[in-house]
Amino acid sequence: MEGTVVLQNGVENGVNGLDEGLEVDLMTNNNKLSNNELIPSESPVQARVTRKAKRRLKHSPSKDSGPIVGPDIFTKEKNSRKSRSGRGRGLPKKGGAGGKGTWGKDGIIYDENDADCQDSNDPNYDSDAQPGYRLKTIIPTLTEDEFEVTVTPIMQEYFEHGDTDEVIACLEELNINDNHHNVPALAVTLALEKKAMHKEMTSALISDLFGKKVISMDHLQMAFLRLLEGLPELTLDTPGAPEMLGQFIARAIADDCLPPRFIQDFKGKVHTDIMRESLDKADNLLNRKHGLCRLDDVWGVGGGRKPTKLLVKRIVLLLKEYLSSGDIDEAIHCLRDLEVPHFHHEVVYEMTVMVIEHLEDPGHTIANKMCKLLKVMYDTGVVTVDQLNTVSFLLGQYYV
């Protein structure tokens, strides 16, 4: 009995639950209908539900989601090659050429442009097809210390051979962009301690450098201004440096390498008496009578500019003194003082003439002394082989 009562209560509770669920569903449906603006159910036409039109959604395709199915939604795949406007003929775009992973239409030949490829990382790069490279030699610029070490030997050699063209050729091989003014300054500094002949050669070198446009007038002004400022140090080694520098300045003005106003422009800018003394010396040389013409011999008559007759007379006198004294060292010293190394063949010629004139000497004393002198001159380099050949040629013309 008790089991029967429990079963009846369960059935009744179940029925009541169903009734309550139906009531809840009806109320929910009523709410939905009211939200959808239902028409009162007085007429069957008005009781129809009017629903809002659904908007077409754009779905992006993904690998996980399958194809979108529905009459109102069109499938638009990312890599579709069909026309998207809906007006095409249904053929692939571009006629089947130029798509992803394609090489273009069949039968189309493309121009070869591999030769224009400049990128070495490009697979089409061909090094043999590239234009040839032009190599240009770059000479490093000399610093001030390197300049002095390099140019000093060139100037020392110039004092031996006297060829200004050789100096210009050597300077052109160097990169002295910022050191042009140091060329005349170094040449004058080295010449201050040498003889008048070397000072004359230095003045001639400055004139040729300016004439061939190796240095400009501004470079010369900078060089002489630097020399004026360095006179206190130059005077320690060469006491006559102020006077000699004034002669160099006057000679440069006479050769039209410096402007005439150079002295007047810098007279008021000097700070020491030594600098003023040098400028006064140059001013006095220029203002004397026929000063510009006389400045050609400002260093005296150099060995190379002496008349030939005067040189021959001095050489004959030198040889006669040697014959009387027999001092070979003194004879060579006097010969070098003439400062005419290019004229030493004349010494050998006069020696030979003296021997020929005294062939009747029973003891051949003159011939023996001349042979000894000639041997020493050849061993010490005072006389060269070329000069001996020149003498042989001259003797062959006069005595054969």
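Residues numbered from 1 in each chain as written. Predicted model: local features only at pLDDT ≥ 70, side-chain atom pairs only at ≥ 80, totals over all residues. Heavy atoms only, no water.

Within the protein chain one finds 16 helices and zero strands. In the protein chain, once contacts between residues fewer than 6 apart in sequence are set aside, the share between residues at least 24 apart is 63%. Accessible surface for the protein chain amounts to roughly 28400 Å². Of this, 53% is attributable to carbon and sulfur atoms. (Helix = DSSP H or I, 4+ residues; strand = E, 2+ residues; numbered from the N terminus. Contact = heavy atoms within 4.5 Å. Areas by Shrake-Rupley, 256 points an atom, 1.4 Å probe, with all protein chains shown as cover.)

Here we take up empty space enclosed by the protein. The final tally for this structure, using the stated rule, is two cavities of 30 Å³ or more. Approximately 40 Å³ is the volume found for the largest cavity. Lining of the largest cavity is provided by Ser203, Ile206, Ser207, Phe248, Arg251, Ala252, Asp255 and Cys257. For the lining of the largest cavity, the elements supplying multiple residues, two or more each, are α5 (196-211) and α8 (241-254). Per-class residue counts for the lining of the largest cavity are four nonpolar, two polar and two charged. Here the second largest cavity defines a volume of roughly 30 Å³. (1 Å grid on protein atoms, 1.4 Å probe; cavity = no way out; pocket = protein on both sides within 12 Å on 5 of 7 lines; lining within 4 Å. Points joined across faces, edges and corners; volume = space filled by probe spheres on them. Nonpolar A, V, L, I, M, F, W, Y, C, P; charged D, E, K, R; others polar.)

Structurally, Thr238 is set in the loop between α7 (231-237) and α8. Those residues in contact with Thr238 that sit more than four places away from it in its chain are Leu192, Glu193 and Met244.

Glycine aside, residues mostly have negative phi, and peptide bonds are mostly found in the trans state. Of note in the backbone geometry, Lys213 takes a positive phi value of approximately 60° without being a glycine. Along the polypeptide, Lys213 turns up in the loop between α5 and α6 (217-229). Judged by relative accessible area, Lys213 falls into the exposed class, the value being 74%. The phi torsion at Asp256 lies on the positive side, around 65°, for a residue other than glycine. Among the secondary structure elements, Asp256 is positioned in the loop between α8 and α9 (262-267). Taking the relative accessible area as the measure of exposure, Asp256 reaches 57% and is therefore exposed. (Buried < 20%, exposed > 50% of the residue type's maximum accessible area, 1.4 Å probe, protein only.)

So, about the packing of helix α4 (residues 182-191) against α6. Two elements in contact, α4 and α6, have axes whose closest approach is 8 Å; the angle formed by their N-to-C orientations is 40°. In terms of orientation, α4 lies oblique with respect to α6. Remark: the crossing between α4 and α6 carries right-handed chirality. Residues Asn182, Pro184, Ala185, Val188 and Thr189 of α4 touch α6, and the partners they reach there are Leu220, Ala223, Arg226 and Leu227. (Axes fitted to C-alpha atoms, helices over the stretch in contact; angles between N-to-C directions. Parallel < 35°, antiparallel > 145°, perpendicular 65-115°, else oblique. Left-handed = near helix turned anticlockwise from the far one by under 90°.)

The next subject is the side chain of Thr164. Note on placement: Thr164 falls in helix α3 (residues 164-172). Overall, Thr164 belongs to the buried group, its relative accessible area being 11%. Within the structure, the side chain of Thr164 is placed 2.9 Å from the side chain of Asp208, a separation counted as a polar contact. Dropping the residues within four chain positions of it, Thr164 is found in contact with Tyr158, Leu205 and Asp208. (Polar contact = N/O pair within 3.5 Å; in protein donor to acceptor, adjacent residues only side chain to side chain.)

The predicted structure's coordinates, where accompanied by low pLDDT, should not be read in detail. The predicted model of the protein chain averages 76 in pLDDT, with 67% of residues at 70 or higher. No element of the protein chain has a lower mean pLDDT than helix α1 (residues 2-35), which averages 44, and none a higher one than α4, which averages 94. Overall, residues 1-42 carries pLDDT values under 50, and its contacts beyond four positions in sequence, including any with other chains, amount to eleven contacts. Segment residues 68-75 is flagged for pLDDT under 50; beyond a separation of four residues in sequence, or across chains, it makes seven contacts in the model. (pLDDT = per-residue confidence, 0-100.)

Take the nonpolar core next. In this structure, Met155, Leu209, Phe224, Leu245, Ile249, Leu258 and Ile263 are the most contacted members of the largest nonpolar core, which totals 55 residues. Per-element tally for this core: the top contributor is α8, with eight residues. The contacts of Leu258, once residues within four sequence positions are left out, are Met217, Leu220, Gln221, Phe224, Ile249, Ala252 and Ile253. Counting 27 residues, the second largest nonpolar core, distinct from the first, contains Leu311, Ile315, Leu323 and Met370. (Core = buried A, V, L, I, M, F, W, Y, C linked by side-chain atoms within 4.5 Å.)

The end-to-end C-alpha separation of α8 is 20 Å, in line with the 20 Å expected for 14 residues at 1.5 Å each. Those residues of α8 not exposed but buried are Ala241, Pro242, Met244, Leu245, Gly246, Gln247, Phe248, Ile249, Ala250, Arg251, Ala252 and Ile253. (Expected span 1.5 Å × (residues − 1).)

Attention now goes to the environment of Leu190. Along the chain, the position of Leu190 falls in helix α4. What makes Leu190 buried here is its relative accessible area of 17%. Spatially, the C-alpha atoms of Leu190 and Met155 are 8.1 Å apart, while their sequence positions differ by 35 residues. Aside from chain neighbours lying at most four places away, what touches Leu190 is Thr152, Met155, Gln156 and Phe159.

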